[in-house]
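So you can see what is in the structure, the chains are spelled out below.
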Amino acid sequence: MNELTKELVKGLMEVDNTKVVALYGGGFKPPIAGHFNVVKQALEEYPEIDELKIFVGGKERDGIGQEEALLIWDIYKNYLPNKITIEPVSAPIKKIYNYSKDNLQEKVYWILGRREGAEDDIKDIEVRQTTLLKNPKTYPNLSVKVVTTKDEGMRGRNARKAINNREEFFKFLPNIDVVDKEKVYDL
């Protein structure tokens, strides 16, 4: 076997077939353009992702519950690659840690959104990364992947404040078909 053939065979043998699962968790009350953009951008930035799971928390916020959030994500799924699964959970962050511990055979990416200029996001990311650094043996397969998006006032609380003004609320929704924006608003 010549050297070129040996190198090609060696390269093929070293291919890592480990499944890559990305986890994105939060309240999503309601899921807004910022959340949608984090998912879309994560899949673009990390093409090795085989599956992206969105964990939707159970806590109600200003009358918006988990059921509405799940229905909105179901609409958004139509505009995202078919690698997305959406799961209702009681505690999204705890679910991410538990999923990692229970699936050591997988590479797990913890997707964290960061809005440009949002200092509170930076602090949250630091807390998550510090927890992982303190527990490398507990979560050896878990790594944080930060996806930075433009801020543009994208906050769930701002969307909830705009809920009674259709046109204002639409500003918080991703760039999707108007019919689907109406469905989201009606929820």
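Heads up: these notes are all about the structure in this document. Just so it is clear, the model here is predicted, and its values are computed rather than measured.

### Regarding the sheet that holds strand 4 (residues 107-115)
Inference 1: Taken together, five strands build an open sheet; the order of strands is 3-2-1-4-5 and the sheet is parallel. With one partner strand each, in any of the chains shown, strand 3 (84-88) and strand 5 (142-149) form the two edges of the open sheet. Strand-to-strand twist in this sheet, taken as the mean axis angle between neighbours without regard to direction, amounts to 30 degrees.
Inference 2: Bridge analysis of strand 4 against strand 5 gives eight bridges, and the strand direction is parallel. Looking at the pairing, Arg 115 lines up with Thr 149 of strand 5.
Inference 3: Helix 3 (residues 66-77) contacts strand 1 (20-26), strand 2 (51-56) and strand 3 of the sheet and is inclined by roughly 175 degrees relative to strand 3.
Inference 4: Most of the contacts of helix 5 (residues 119-134) go to strand 4, to which it runs at about 160 degrees, and overall it touches strand 4 and strand 5.

### Looking at the side chain of Lys 53
Inference 1: Looking at the element boundaries, Lys 53 is found in strand 2.
Inference 2: Polar contacts involving the side chain of Lys 53 include one to the side chain of Glu 51, which spans 3.3 Å.
Inference 3: Once you skip the residues sitting within four places of it in the chain, Lys 53 turns out to touch Val 21, Ala 22, Leu 23, Tyr 24, Thr 85, Glu 87 and Tyr 99.

### Points about the pattern of salt bridges
Two side chains carrying opposite charge are able to pair once their charged atoms lie near each other.
Inference 1: For the coordinates displayed, the defined rule picks out nine salt bridges.
Inference 2: Across the pair Glu 87 and Lys 53 runs a salt bridge whose closest N-O atoms are separated by 3.1 Å. Highlighted residues: Glu 87 in strand 3 and Lys 53 in strand 2, separated in sequence by 34 residues.
Inference 3: The class of Glu 87 is partly exposed, set by a relative accessible area of 22%.
Inference 4: According to the relative accessible area criterion, Lys 53 is buried, its value standing at 10%.
Inference 5: A salt bridge links Arg 160 to Asp 62, with the nearest nitrogen and oxygen atoms 2.9 Å apart. Within this pair, whereas Arg 160 is found in helix 6 (residues 156-161), its partner Asp 62 is found in the loop between strand 2 and helix 3, the two being separated by 98 residues in sequence.
Inference 6: Residue classification places Arg 160 among the buried positions, given a relative accessible area of 17%.
Inference 7: Salt bridges here are not isolated pairs; linked through shared partners, they connect Lys 19, Glu 51, Lys 53 and Glu 87.

### Brief notes about the pairing of strand 1
Inference 1: Where burial is concerned, most of strand 1 is hidden: seven out of the seven residues are buried.
Inference 2: Burial of the side chains of strand 1 extends over both faces: Val 20, Ala 22, Tyr 24 and Gly 26 are buried on one face and Val 21, Leu 23 and Gly 25 on the other.
Inference 3: Pairing of strand 1 with strand 4 involves four bridges; the strand directions are parallel. Within the sheet, the bridge partner assigned to Val 21 lies in strand 4 and is Val 108.
Inference 4: The parallel pair strand 1 and strand 2 is bridged by helix 2 (residues 33-45), and the resulting crossover is right-handed.

What counts, and where the lines are drawn
Residues numbered from 1 in each chain as written. Predicted model: local features only at pLDDT ≥ 70, side-chain atom pairs only at ≥ 80, totals over all residues. Heavy atoms only, no water. Pairing = 2+ DSSP bridges. Helix = DSSP H or I, 4+ residues; strand = E, 2+ residues; numbered from the N terminus. Axes fitted to C-alpha atoms, helices over the stretch in contact; angles between N-to-C directions. Contact = heavy atoms within 4.5 Å. Polar contact = N/O pair within 3.5 Å; in protein donor to acceptor, adjacent residues only side chain to side chain. Salt bridge = Lys/Arg side-chain N within 4 Å of Asp/Glu carboxyl O. Buried < 20%, exposed > 50% of the residue type's maximum accessible area, 1.4 Å probe, protein only. Right-handed = clockwise from strand over helix to strand, strands pointing away.

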